[in-house]
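Listed here are the chains, written in short residue letters.
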Amino acid sequence: LSALPLMLRGGFAGLSTQRLGGHFVRALLGIAAFVLYTYAITNMLLANAMALAFTTPLWMIIVARVLHGEKAGWPRTIATFVGFVGVVVIARPDVEISTPALAALASAFLLSLAMLYVRRLSSTETPEKLAFYVQLFGALFTAPVILMNWQAPSPSDWAILVAAGLIGTLGLFGQARAYGTGSPTVVTPVDFTRLPMAVVIGIFFFSEMPDATAFTGMAIIIGALLFISRRA
């Protein structure tokens, strides 16, 4: 686990927790969201999958209202519905509700639940501990599937895997600290910056050019998220 060296700076005592169940549920939700997202990006345009995944802040408002009674107010409620209009534009249900598009939306919903667990856990758990346990449980959850479908990585594959692990760990630290110090409905919209990055990566590395309808849906979602973040 790439987070282990950082965790052991304070000895094994730094791994102790009284909230193992919470870490387990948070990791389960996060891994399920990751699997669904991986399926989506491998079966549809990267930019479109990313745009649908950006509905997490919109789901967050709904989930926070239902589970915690947090009132969003009419402006943010209207912006939430506008954001879902953008989702409909991209998913195009009048043409076909594709399985990858549904997977991306389900991933965003599960991630919103996981982020609420991060917020709860951060009252007692450090960002390093949050990152460690999600990786620990993630490794345990995925080990059986990996063993059944094992293929020896090449040296270049190992380099990519190590780099992805280190970058992912830094991302988990940053995510845990952000959600631990601020409201999820405020922090999550900042994540929209990944969308233009995904468009650029899709164009230059995979020759994937979103059409005008997809760009329209992305613009609607980004506009709604920016409005939500400013009203939070």
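Residues numbered from 1 in each chain as written. Predicted model: local features only at pLDDT ≥ 70, side-chain atom pairs only at ≥ 80, totals over all residues. Heavy atoms only, no water.

Draft legend 1. Molecular detail of the overall build of the chain. Of regular secondary structure, the chain possesses 11 helices and 0 strands. When its helices and strands are written in sequence order, the chain yields α-α-α-α-α-α-α-α-α-α-α. Per-residue burial over the chain gives 39% buried out of 232 residues. Residue pairs at least 24 apart in sequence account for 87% of intrachain contacts in the chain once pairs closer than 6 positions are excluded. When the accessible area of the chain is evaluated, it comes to approximately 12600 Å², of which 71% is carbon and sulfur surface. (Helix = DSSP H or I, 4+ residues; strand = E, 2+ residues; numbered from the N terminus. Buried < 20%, exposed > 50% of the residue type's maximum accessible area, 1.4 Å probe, protein only. Contact = heavy atoms within 4.5 Å. Areas by Shrake-Rupley, 256 points an atom, 1.4 Å probe, with all protein chains shown as cover.)

Draft legend 2. Local environment of helix α3 (residues 46–53). Summarising burial for α3: 8 of the 8 residues are buried, a large majority. Within α3 the residues assigned to the buried category are L46, A47, N48, A49, M50, A51, L52 and A53.

Draft legend 3. Just the packing of helix α2 (residues 20–41) against α3, in detail. The interhelical angle for the contact between α2 and α3, taken along N-to-C directions, is 150°, at an axis separation of 9 Å. Between α2 and α3, the angle falls in the class roughly antiparallel. Contacts between α2 and α3 involve Y37, A40 and I41 on the former and, on the latter, L46, A49, M50 and A53. A breakdown of the residues in the contact of α2 with α3 according to their chemical character gives 7 nonpolar, no polar and no charged. (Axes fitted to C-alpha atoms, helices over the stretch in contact; angles between N-to-C directions. Parallel < 35°, antiparallel > 145°, perpendicular 65-115°, else oblique. Nonpolar A, V, L, I, M, F, W, Y, C, P; charged D, E, K, R; others polar.)

Draft legend 4. Fine view of the packing of α2 against helix α6 (residues 99–121). Running from N to C, α2 and α6 cross one another at 155°; their axes reach a closest spacing of 8 Å. As the angle between them shows, α2 and α6 are arranged roughly antiparallel. The two elements α2 and α6 cross, and the hand of that crossing is left-handed. Partitioned by chemical class, the residues of the contact of α2 with α6 number 19 nonpolar, 5 polar and 1 charged. (Left-handed = near helix turned anticlockwise from the far one by under 90°.)

Draft legend 5. Just the environment of F132, in detail. Within the fold, F132 resides in helix α7 (residues 127–148). Residues F132 and H23, spaced 109 residues apart in sequence, show a C-alpha to C-alpha distance of 9.6 Å.

Draft legend 6. Here's a closer look at the confidence of the model for the chain. Mean pLDDT over the chain works out to 76, with 74% of the residues at or above the 70 mark. By mean pLDDT, helix α1 (residues 4–7) is the weakest element of the chain at 55, and α2 is the strongest at 90. (pLDDT = per-residue confidence, 0-100.)

Draft legend 7. Region of interest: a nonpolar patch on the surface. On the surface, a nonpolar cluster with roughly 710 Å² of combined accessible area is contributed by M197, V200, I201, F204, F205 and F206. In this fold, F206 is placed in helix α10 (residues 194–206). (Patch = residues over 30% accessible without salt bridge, like charges linked within 9 Å, V, L, I, M, F, W, Y side chains within 5 Å. Salt bridge = Lys/Arg side-chain N within 4 Å of Asp/Glu carboxyl O.)

Draft legend 8. Quick peek at the packing of aromatic side chains. Within the structure shown, the criterion is met by 5 aromatic pairs. With a centroid separation of 5.3 Å and 75° between ring planes, the pair formed by W59 and F109 is classed as edge-to-face. Of this pair, W59 sits in helix α4 (residues 56–68) while F109 sits in helix α6; the two residues are 50 residues apart in sequence, bridging distant segments of the chain. What links up through ring pairs into an aromatic cluster is the set F24, Y133, F137 and F141. Over the ring of Y117 we find R120; its NZ or CZ atom is 5.3 Å from the centre of that ring. (Phe/Tyr/Trp six-rings, centres within 6.5 Å; stacked < 30°, edge-to-face > 60°. Lys NZ or Arg CZ within 6 Å of the ring centre and 35° of its normal.)

Draft legend 9. Looking closely at the nonpolar core. Counting residues in hydrophobic clusters, the biggest one holds 25 residues, and the most contacted among them are A40, M44, L52, V87, I90, M218 and I221. Elements with a contribution of two residues or more to this core: α2, α3, α5 (73–91), α6, α10 and α11 (212–231). Per-element tally for this core: the top contributor is α3, with 7 residues. (Core = buried A, V, L, I, M, F, W, Y, C linked by side-chain atoms within 4.5 Å.)

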